[in-house]
Amino acid sequence: MGEKKALRARAAAVLAVLSVACIGVALVPTVDAQEALPERPTVLPWTPPAWHPAPQALQVLPEMDAPGQETVSGINARASFLFDLDEGRVLHAESADNLRPVASLTKLTTGLTWASEGRGLDDTYCVDARFYPTRSGAYSKLSTGECYRGYDLLGAAMVSSDNRGAYGVQVASGLDWDAFNQRMHQVSADLGMVSSSWAEPSGLDDENLSTARDMAKAAVAVSAHPTLSIAASAPSWWLEQADGSPNRLLYSTDRLVGRGDLQVLAGKTGYTDTAGYCFVGVVELDSGRRVVVSVLGASSSSKRWSDVNKLLRSVK
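Residues numbered from 1 in each chain as written. Predicted model: local features only at pLDDT ≥ 70, side-chain atom pairs only at ≥ 80, totals over all residues. Heavy atoms only, no water.

Student: Requested: an account of the overall build of the protein, with residues and values cited.
Tutor: Scanning the protein from N- to C-terminus turns up eight helices and 11 strands. In the protein, which comprises 316 residues, the share counted as buried stands at 55%. When contacts within the protein are restricted to residue pairs at least 6 apart in sequence, those whose partners lie at least 24 apart make up 65%. By element, 51% of the accessible surface of the protein is carried by carbon and sulfur atoms, the whole surface being about 13,800 Å². (Helix = DSSP H or I, 4+ residues; strand = E, 2+ residues; numbered from the N terminus. Buried < 20%, exposed > 50% of the residue type's maximum accessible area, 1.4 Å probe, protein only. Contact = heavy atoms within 4.5 Å. Areas by Shrake-Rupley, 256 points an atom, 1.4 Å probe, with all protein chains shown as cover.)

This is the structure we're talking about:
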């Protein structure tokens, strides 16, 4: 529990930093005094969703829609995206808007969907048929009959990418299966993830489709959330069983966690045979710059991390 308290304190500090808004400056064209400007349609400004507790940190999301180009060569992944959160600038974009299966990166949207409801994490849930993914063969550390707080189900899903943990987050939300799936789509729309489409909470189904750009937006929203950011940046997680059985330690699948040259504010890995090896994360470099990086469809785990490191090293 001491580890979780420390992580909560760090998340509060991260939230304070991330609450600095990135605001663009509009350039107004100079015209002759006698010449009237053409009428332009009224465009309503994007408004952060009311359910997110750090709206200022989300003001940068529309800036992530700016066009970009491939600036880092030799990336193995099918799609990649790099964005500077402090400058509000796209640093690299290669096939960043191509729709692809995103595997367990889906769990970021699952966590955000829980956050849009904001309930159930302090209650206890026992693993039953509701926790079983629709696709067989998925490994899980959670066994039938074991009982956990919703908070630990979230930790299992985010830290070790446990699929029953993700289904447990849906159960903890209080929404039934169909309502939760509909809410996943609404949450994506709220965050400007206009290309994303979801089939279930874990990412096992390859009908969970998104883009490198959209998943970067989800990672930013998770990193700015005081609860989700704890689980999405933790190097490990103690699963505490409600019946007093021995606790179980889960380790993060994110290789960036624990490195001395950067701090992970949120990160998530993913893999299926169809999606390939995926990653999205928000990191603060040792220079103090904060960036979000995403790679989708790398051909191996080692090439995924090579791509991520290559993109991060490109930040000047």
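Student: Account for the pattern of salt bridges, naming residues and giving values.
Tutor: On inspection of all chains with the given rule, the structure shows 12 salt bridges. Ionic pairing is found between Arg 289 and Glu 87, a salt bridge with its closest N-O pair at 4.0 Å. Remark: Glu 87 occurs in the loop between strand 1 (79–84) and strand 2 (89–94) and Arg 289 occurs in the loop between strand 10 (276–285) and strand 11 (290–298); sequence separation between them is 202 residues. Here Asp 122 makes a salt bridge to Arg 149, at a shortest N to O gap of 3.9 Å. Residue Asp 122 is located in the loop between helix 2 (106–117) and strand 4 (124–126), and its partner Arg 149 is located in strand 5 (residues 147–149); the two are separated by 27 residues in the primary sequence. Taken together, the shared-partner salt bridges in this structure form one network comprising Asp 84, Glu 87, Arg 89 and Arg 289. (Salt bridge = Lys/Arg side-chain N within 4 Å of Asp/Glu carboxyl O.)

Student: Now, about the packing of aromatic side chains: what can you tell me, with residues and values included?
Tutor: For any pair of aromatic rings, the description rests on two quantities: the centre-to-centre distance and the angle between the ring planes. Tallied over the entire structure, the rule returns five aromatic pairs. A ring pair is formed by Phe 81 and Phe 83, whose centres lie 6.4 Å apart and whose planes are at 10 degrees; its orientation type is stacked. Here Phe 81 and Phe 83 have matching classes, each one buried. Each ring, one from Phe 279 and one from Trp 305, has its centre 5.1 Å from the other, and the planes form 55 degrees; the classification is tilted. Taken together, the residues span a long stretch of sequence, with Phe 279 in strand 10 and Trp 305 in helix 8 (residues 301–313) at a distance of 26 residues. Residue Phe 279 shares its accessibility class with Trp 305, and that shared class is buried. (Phe/Tyr/Trp six-rings, centres within 6.5 Å; stacked < 30°, edge-to-face > 60°.)

Student: Residues and numbers for the sheet that holds strand 10, please.
Tutor: Overall, antiparallel pairing links the five strands, which are arranged 2-1-11-10-9 in an open sheet. Each edge of the sheet is formed by a strand with only one pairing partner; in this case those strands are strand 2 and strand 9 (262–272). Each neighbouring strand pair of the sheet contributes to a mean axis angle of 5 degrees, computed without reference to strand direction. Pairing of strand 10 with strand 11, which is carried by seven bridges, proceeds in the antiparallel orientation. When the bridges of strand 11 are listed, Gly 281 appears paired with Val 293. (Pairing = 2+ DSSP bridges. Axes fitted to C-alpha atoms, helices over the stretch in contact; angles between N-to-C directions.)

Student: Which residues make up the side chain of Ser 196, and what values do they have?
Tutor: Among the structural elements, Ser 196 can be located in the loop between helix 5 (177–190) and strand 6 (209–210). Looking at Ser 196, its side chain comes within polar contact range of the side chain of Ser 210, at 2.7 Å. In this structure Ser 196 touches His 185, Ser 188, Leu 209, Ser 210 and Asp 214, once residues within four positions along its chain are discounted. (Polar contact = N/O pair within 3.5 Å; in protein donor to acceptor, adjacent residues only side chain to side chain.)

Student: Describe helix 2, naming the residues involved and giving the relevant values.
Tutor: Over its 12 residues, helix 2 extends 17 Å from the first C-alpha to the last, a length consistent with the 16 Å expected when each residue adds 1.5 Å. Among the 12 residues in helix 2, 11 count as buried, and that is most of the element. Considered for burial, the residues of helix 2 that qualify are Thr 106, Lys 107, Leu 108, Thr 109, Thr 110, Gly 111, Leu 112, Thr 113, Trp 114, Ala 115 and Ser 116. Downstream of helix 2 by a residue or two, Gly 118 has a phi angle that is positive, lying close to 65 degrees. (Expected span 1.5 Å × (residues − 1).)

Student: Describe the pairing of strand 1, naming the residues involved and giving the relevant values.
Tutor: In terms of residue burial, strand 1 counts as a mostly covered element, since six of its six residues are buried. A two-sided burial pattern is seen for strand 1, the buried positions comprising Ala 79, Phe 81 and Phe 83 on one face and Ser 80, Leu 82 and Asp 84 on the other. Both strand 1 and strand 11 contribute to a ladder of six bridges, which runs antiparallel. For Phe 83, the partnering residue across the bridge sits in strand 11 and is Val 292. Relative to strand 2, strand 1 runs antiparallel, the two sharing five bridges. For Ser 80, the partnering residue across the bridge sits in strand 2 and is Glu 94.

Student: Give a description of the state of the cysteines that names residues and reports values.
Tutor: All told, the structure shown has one disulfide when counted by the stated rule. The disulfide partner of Cys 126 is Cys 147, and the S-S distance across this bridge is 1.9 Å. What sets the handedness of the Cys 126 and Cys 147 disulfide is the S-S torsion sign, and at about 100 degrees it is right-handed. With Cys 126 in strand 4 and Cys 147 in strand 5, the pair connects residues that are 21 residues apart, well separated along the chain. According to the relative accessible area criterion, Cys 126 is partly exposed, its value standing at 36%. (Disulfide = S-S within 2.5 Å.)

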